[in-house]
Amino acid sequence: MMHKRKERKPNPILDDKTAELLFRRDDSMDLGSLKSMITGTVSLEDLVQNPLSDINAINERLTTIRELVVNHDTRKRMQAVAEAFSIKYDEFYQKVQEYVEAQRADSYSQQRIVRELSGFIGNIAEAAGNLPLDVGSVQFKSKILDEVASNFNRMMEERQDSAKAFFEYIIKLNERIQEKASQGKDKKKVQPAWLAHDDDGMSYQQLKELVDVKELMKFKQYVPTVTAIAAAISPYLRHAEEAIKGKYCEPIIVPKEENCLIIRNGRTPNWRGYVPNNTHLDSDQRVEVLEGVNNGGKTIDMKKAMCIAIAALSGSWVPADYVKVSLRDHIVLRQKGKGDVISAMQQDCRNVKEATPPDGEYWLIGLDETFTSTERRGGRALLYGLITYVAEQGHSLLITSSHYLGMDKFFSVDGRVVFKHFPFERKQGKNGEIEITFPYKKQDGSLSDVKYALAVAASKGFDKKTIEYAQERLVSPQK
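Here the structure is a predicted model, which is why all the values come from computation and not from measurement.

### A word on the sheet that holds strand β1 (residues 252-254)
- Spatially, the 4 strands line up as an open sheet ordered β1-β5-β2-β3, and their pairing is mixed. Each edge of the open sheet is held by one strand with a lone partner, namely β1 and β3 (277-281). Pairs of neighbouring strands in the sheet enclose a mean axial angle of 15°, with direction left out of account.
- Alignment of strand β2 (residues 261-266) against β3, held across 4 bridges, turns out to be antiparallel. Bridge pairing in β3 links Ile263 to Thr279.
- Across the sheet, helix α12 (residues 298-314) touches β1, β2, β3 and β5 (322-326), and the angle it forms with β2 is around 115°.

Listed below in structure tokens is the structure:
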């Protein structure tokens, strides 16, 4: 059965195409695993996929996560609140209403209601047993935590109709239900098999003797507040746990005029054999050109850098040792054309047009193997023009991958453009066959080893004479 994909909220900084390329679940490299950084009600989109333009709003989210990461006691208390308040109380009160109306129902329906309502009461009692008396009387640095604590403490004040009174009643009620159910099951053990019934050891009438509906209904007034508290804190708690587990760092967010994306040991969680790599772009070094063989790590490194930037600007801690990123007007990623609807070259041109920053705006751009679908000289010239335009524009940062070796010569004295490459290694297998491996570690400078295609052909059992002819052509291209 096909499930309709949840529509993404429009975001002026991150366009839908970029979000699709970076966060789709069917990505073979599992970049969607960055979604695991946040799940919850402030929502995946808000905290991972929706970069903000307000530096104060971003830092408020980062501060909330920091307080939960560094303060174990606060995190533990907030987790207990989130667990108790995340229960579906609307459904619970539907069951209470069914219970009230079940007086004239048949025995089968009554038994179902007994089972379902008792189950709800048991779940609430278990969560309530872990609730703290308060979640902190001191003011938090995070306004989000401070508001959660204030609302919680107010609800738990000593009053007959307080949330605390409700949870205490639920705990005692559950104990009585368990005791009564246990007595009922003990009686069954001495009954003949033909008298035994498949129920929970308690009848509707017995439950009615225990439950005070008026006491249950006192809490209903708090359901909207409880739901709001759970929605406010749950995603931050989950992210804090993930940040601790994954050793994430708190990114430094700076104004757009600082124009930078600096990542030290950036990682891609859950990707096979990931290797930490660095990215350094700023006003002096505006373009990073990634060279290397297919499957060597170019695309994963580009997407990782952009995902980390987006998550940081959305208010999330990120999988790296250090991250500093400036606010952006727009973040855009485009991949090479596929030629499925229009020609691949036409798609490339359209993609580059969409990824070309206007004068004065601060963009972060990723372009993966653009202009590889046309003849070599023209494609290389167009890529040169694009790189030069971004370098001259002065406010935007570009990461692009390239298979046009030798382009570094055009920028040998231009410090605004830096070349990096991902190497490959040849190894001899046990039976003498050639094996190709990838260290996935980004290296300085342009790619110098141009024999990847021949190495792969050899590893796949190509005719030796064919490879010899190819080597001759590679060594003497004018022959």
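So, next bit.
### A look at helix α16 (residues 464-475)
- Its 12 residues place the ends of α16 17 Å apart at the C-alpha level, agreeing with the 16 Å of an ideal helix rising 1.5 Å per residue.
- Where α16 begins, the side chain of Asp463 points an oxygen toward the backbone nitrogen of Lys465, at a separation of 3.0 Å.

### Some details on the confidence of the model for the chain
- On average, the chain scores 85 in pLDDT, and the residues at 70 or more come to 87%.
- For the stretch residues 1-5, pLDDT sits under 50, and the model shows 2 contacts to residues farther than four places along the chain or on other chains.
- Note that pLDDT drops below 50 for residues 190-198; the model gives that stretch 2 contacts with residues more than four away or on any other chain.

### Regarding the pairing of strand β8 (residues 397-402)
- Along β8, 6 of the 6 residues are buried, which leaves the element largely enclosed by surrounding structure.
- A two-sided burial pattern is seen for β8, the buried positions comprising Leu397, Ile399 and Ser401 on one face and Leu398, Thr400 and Ser402 on the other.
- In this structure, strand β7 (residues 363-368) lies alongside β8, joined through 4 bridges in parallel fashion. Bridging from a neighbouring strand, Gly366 pairs with Ile399 of β8.

### Overview of the packing of helix α7 (residues 143-155) against helix α11 (residues 223-246)
- Look at α7 against α11: their axes get within 10 Å of each other, and the N-to-C directions meet at 145°. Between α7 and α11 lies a crossing of left-handed hand. Side by side, α7 and α11 meet where Ile144, Leu145, Val148, Asn151, Phe152 and Met155 of the first sit next to Thr225, Val226, Ile229, Ala232, Ile233 and Tyr236 of the second.
- Taken together, the residues that form the contact of α7 with α11 break down as 10 nonpolar, 2 polar and no charged.

### Quick word on the nonpolar core
- Grouped together as the largest cluster of nonpolar side chains are 97 residues, with contacts concentrated most on Met78, Phe85, Tyr89, Phe92, Phe166, Phe167 and Phe219.
- When residues of this core are assigned to their parent elements, the largest contribution, 10 residues, is made by α12.
- Discounting residues that sit within four places of it in the chain, Phe92 has contacts with Leu117, Phe120, Ile121, Ile124, Phe166 and Leu216.
- Among the nonpolar cores identified, the runner-up in size contains 20 residues, and Val352, Leu386, Ile387 and Phe419 belong to it.

### Comments concerning the environment of Val325
- Position of Val325 among the secondary structure elements: in strand β5.
- In this structure, the C-alpha to C-alpha distance between Val325 and Asp282, residues 43 residues apart in sequence, is 9.4 Å.
- Apart from residues lying up to four places away in sequence, Val325 is in contact with Ile252, Ile253, Val254, Cys260, Leu261, Ala309, Ala312 and Leu313.

### Description of the packing of aromatic side chains
- Applying the stated criterion across every chain yields a total of 14 aromatic pairs.
- Aromatic side chains Phe85 and Phe167 sit 6.2 Å apart centroid to centroid with 15° between the ring planes, which places their arrangement in the stacked category. Taken together, the residues span a long stretch of sequence, with Phe85 in helix α4 (residues 72-85) and Phe167 in helix α8 (residues 163-189) at a distance of 82 residues. The exposure classification of Phe85 matches that of Phe167, with both residues buried.
- Arranged with centres 5.5 Å apart and planes meeting at 50°, the rings of Tyr99 and Tyr204 form a pair that is tilted. Taken together, the residues span a long stretch of sequence, with Tyr99 in helix α5 (residues 89-101) and Tyr204 in helix α9 (residues 204-210) at a distance of 105 residues.
- Take Tyr204: its relative accessible area is 6%, and that puts it in the buried class.
- Ring pairing ties together the aromatic residues Phe85, Tyr89, Phe152, Phe166, Phe167, Phe219 and Tyr222, which thus form one cluster.

### What to know about the sheet that holds β7
- The 6 strands are arranged β6-β7-β8-β4-β9-β12 in an open sheet whose pairing can be described as mixed. Each having just a single partner strand, β6 (330-335) and β12 (443-444) make up the two edges of the open sheet.
- Both strand β4 (residues 287-292) and β8 contribute to a ladder of 5 bridges, which runs parallel. If you follow Glu288 over to β8, its bridge partner there is Ile399.
- Sheet strands in contact with helix α14 (residues 376-393) are β4, β7, β8 and β9 (417-422), and its direction is about 165° off that of β8.

### Things to note about the pattern of salt bridges
- Inspection of every chain in the model, using the stated rule, returns 25 salt bridges.
- As a salt-bridge pair, Glu98 and Arg112 come within 3.5 Å of each other at their nearest N and O atoms. Linking Glu98 in helix α5 with Arg112 in helix α6 (residues 107-128), this pair joins segments that are 14 residues apart in sequence.
- Assessed through its relative accessible area of 27%, Arg112 is described here as partly exposed.
- For Arg334, the salt bridge is made with Glu354, and the minimal N-O distance between the two is 2.8 Å. Of the two residues, Arg334 sits in strand β6 while Glu354 sits in helix α13 (residues 344-354), which places them 20 residues apart along the sequence.
- Its relative accessible area of 5% is what places Arg334 among the buried residues.
- For Glu354, a relative accessible area of 30% corresponds to the partly exposed category.
- Ionic contacts of the salt-bridge type, sharing partners, join the residues Asp15, Lys17, Arg334 and Glu354 into one network.

### Focus: the side chain of Thr74
- Along the chain, the position of Thr74 falls in helix α4.
- Classification of Thr74 by relative accessible area gives buried; the value is 8%.
- Sequence-distant contacts of Thr74, that is, excluding residues within four places in its chain, are made with Leu68 and Phe140.

Calculation notes
- Residues numbered from 1 in each chain as written.
- Predicted model: local features only at pLDDT ≥ 70, side-chain atom pairs only at ≥ 80, totals over all residues.
- Heavy atoms only, no water.
- Pairing = 2+ DSSP bridges.
- Helix = DSSP H or I, 4+ residues; strand = E, 2+ residues; numbered from the N terminus.
- Axes fitted to C-alpha atoms, helices over the stretch in contact; angles between N-to-C directions.
- Contact = heavy atoms within 4.5 Å.
- Expected span 1.5 Å × (residues − 1).
- Polar contact = N/O pair within 3.5 Å; in protein donor to acceptor, adjacent residues only side chain to side chain.
- pLDDT = per-residue confidence, 0-100.
- Buried < 20%, exposed > 50% of the residue type's maximum accessible area, 1.4 Å probe, protein only.
- Left-handed = near helix turned anticlockwise from the far one by under 90°.
- Nonpolar A, V, L, I, M, F, W, Y, C, P; charged D, E, K, R; others polar.
- Core = buried A, V, L, I, M, F, W, Y, C linked by side-chain atoms within 4.5 Å.
- Phe/Tyr/Trp six-rings, centres within 6.5 Å; stacked < 30°, edge-to-face > 60°.
- Salt bridge = Lys/Arg side-chain N within 4 Å of Asp/Glu carboxyl O.

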